[in-house]
Amino acid sequence: SQKIEQNSEALNIQEGKTATLTCNYTNYSPAYLQWYRQDPGRGPVFLLLIRENEKEKRKERLKVTFDTTLKQSLFHITASQPADSATYLCAPFLSGNTPLVFGKGTRLSVIA
Amino acid sequence: DTGVSQDPRHKITKRGQNVTFRCDPISEHNRLYWYRQTLGQGPEFLTYFQNEAQLEKSRLLSDRFSAERPKGSFSTLEIQRTEQGDSAMYLCASSSGSGVYQPQHFGDGTRLSIL
């Protein structure tokens with residue numbers, strides 16, 4: 001069955017540094033991968049989508065990579081701020097019609 | 001775009017009672033999903049509608065769970081004879097099903113606590 005692993009449950013970094021979060025998947029070959037942000041008590045908020053034929057996607061301070069050989073996605077937040085503190089979820093998926101399967105998430109804390 | 005709305009935000013009930021949650025998706029979205037999330041886990045898929053048709057159900061969805069989307073707009077999720085293990089956040093998401101892939105937009109969920 002599909003398995004998704006996000007590198008750590010929690011990651012603490014200093015304000016201004018780059019946060020790098022990892023998402024590894026096994027037992028399937030997704031055509032797309034999404035990253036969501038979730039704040040406590042709130043629903044996930046969509047951040048970025050990357051397709052299998054795209055190596056990298058950027059949006060403001062966010063960058064996502066998708067390595068289908070390594071079966072891995074990296075999610076970077078540059079110049080991190082305390083407001084970036086949240087849980088980040090990855091969701092690799094096969095096609096637009098399939099329900100999402102999420103990793104457990106990584107809780108990021110940016111310390112001022 | 002008023003976003004996905006879920007009601008109630010919190011529900012506390014005794015074991016064995018029935019509960020019903022409502023989800024109002026973004027108005028032009030024809031796809032609607034239900035997920036369940038427990039502490040420290042990502043959301044887990046429960047069921048999915050395209051318009052009023054329920055197209056897929058997870059094995060997680062026992063026969064105590066039923067979902068409807070009668071007119072292809074709002075949806076309800078009912079849990080009968082609730083158990084302690086049903087305590088979770090129940091999330092609804094919607095998306096547009098036509099053309100280029102559109103991401104799912106989530107509501108803020110209904111937190112269910114079983115006493």
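Residues numbered from 1 in each chain as written. Chains lettered and ligands numbered in written order. Predicted model: local features only at pLDDT ≥ 70, side-chain atom pairs only at ≥ 80, totals over all residues. Heavy atoms only, no water.

Caption draft 1: Representation of the overall build of chain A. Each helix and strand in chain A was counted, giving zero helices and 10 strands. Each helix and strand of chain A, placed in order from N terminus to C terminus, yields the pattern β-β-β-β-β-β-β-β-β-β. Here the C-alpha radius of gyration of chain A, 13 Å, is about what a compact globule of 112 residues would show, namely 13 Å. Overall, the C-alpha framework of chain A stretches about 40 × 30 × 20 Å when taken along its three principal axes. (Helix = DSSP H or I, 4+ residues; strand = E, 2+ residues; numbered from the N terminus. Rg over C-alpha atoms; globule rule 2.2 N^0.38 Å.)

Caption draft 2: The nonpolar core, seen in detail. In terms of nonpolar packing, the biggest core is built from 22 residues, with A:Leu33, A:Trp35, A:Phe75, A:Ile77, A:Tyr88 and A:Leu108 touching the most fellow members. Of all the elements in the fold, those that place two or more residues in this core are β3 (19–26), β4 (32–38), β5 (45–51), β7 (62–67), β8 (72–77), β9 (86–93) and β10 (106–111) of chain A. At four residues, β3(A) tops the list of elements feeding residues into this core. With 19 residues, the next largest nonpolar core counts B:Cys23, B:Ile79, B:Cys92 and B:Ile114 among its residues. (Core = buried A, V, L, I, M, F, W, Y, C linked by side-chain atoms within 4.5 Å. Buried < 20%, exposed > 50% of the residue type's maximum accessible area, 1.4 Å probe, protein only.)

Caption draft 3: Structural context of the packing of aromatic side chains. Under the defined criterion, the tally for this structure stands at 16 aromatic pairs over all chains. Taken together, A:Tyr36, A:Phe46, A:Phe102, B:Tyr33, B:Tyr35, B:Phe45, B:Tyr48 and B:Phe106 form an aromatic cluster joined through their ring pairs. In this arrangement the basic side chain of B:Arg22 is found over the ring face of B:Phe74, its NZ or CZ atom lying 3.9 Å from the centre. (Phe/Tyr/Trp six-rings, centres within 6.5 Å; stacked < 30°, edge-to-face > 60°. Lys NZ or Arg CZ within 6 Å of the ring centre and 35° of its normal.)

Caption draft 4: Geometry of the interface of chain B and chain A. Chain B puts 21 residues into the contact, and the matching count from chain A is 20 residues. Both faces considered, chain B and chain A share a buried interface measuring about 1,600 Å² in area, 53% of it formed by carbon and sulfur atoms. Its salt-bridge partner being B:Asp108, residue A:Arg42 comes within 2.8 Å of it at the nearest N-O pair. Counting the contacts that link chain B with chain A gives six residue pairs in polar contact (both at pLDDT 80 or more). Counting residues per element, the side of chain B that touches chain A draws most heavily on strand β4 (residues 31–37) of chain B, which supplies four residues. Taken together, the residues of the side of chain B that touches chain A sort by class into 11 nonpolar, six polar and four charged. (Contact = heavy atoms within 4.5 Å. Buried area = accessible area lost by both parts, 1.4 Å probe. Salt bridge = Lys/Arg side-chain N within 4 Å of Asp/Glu carboxyl O. Polar contact = N/O pair within 3.5 Å; in protein donor to acceptor, adjacent residues only side chain to side chain. Nonpolar A, V, L, I, M, F, W, Y, C, P; charged D, E, K, R; others polar.)

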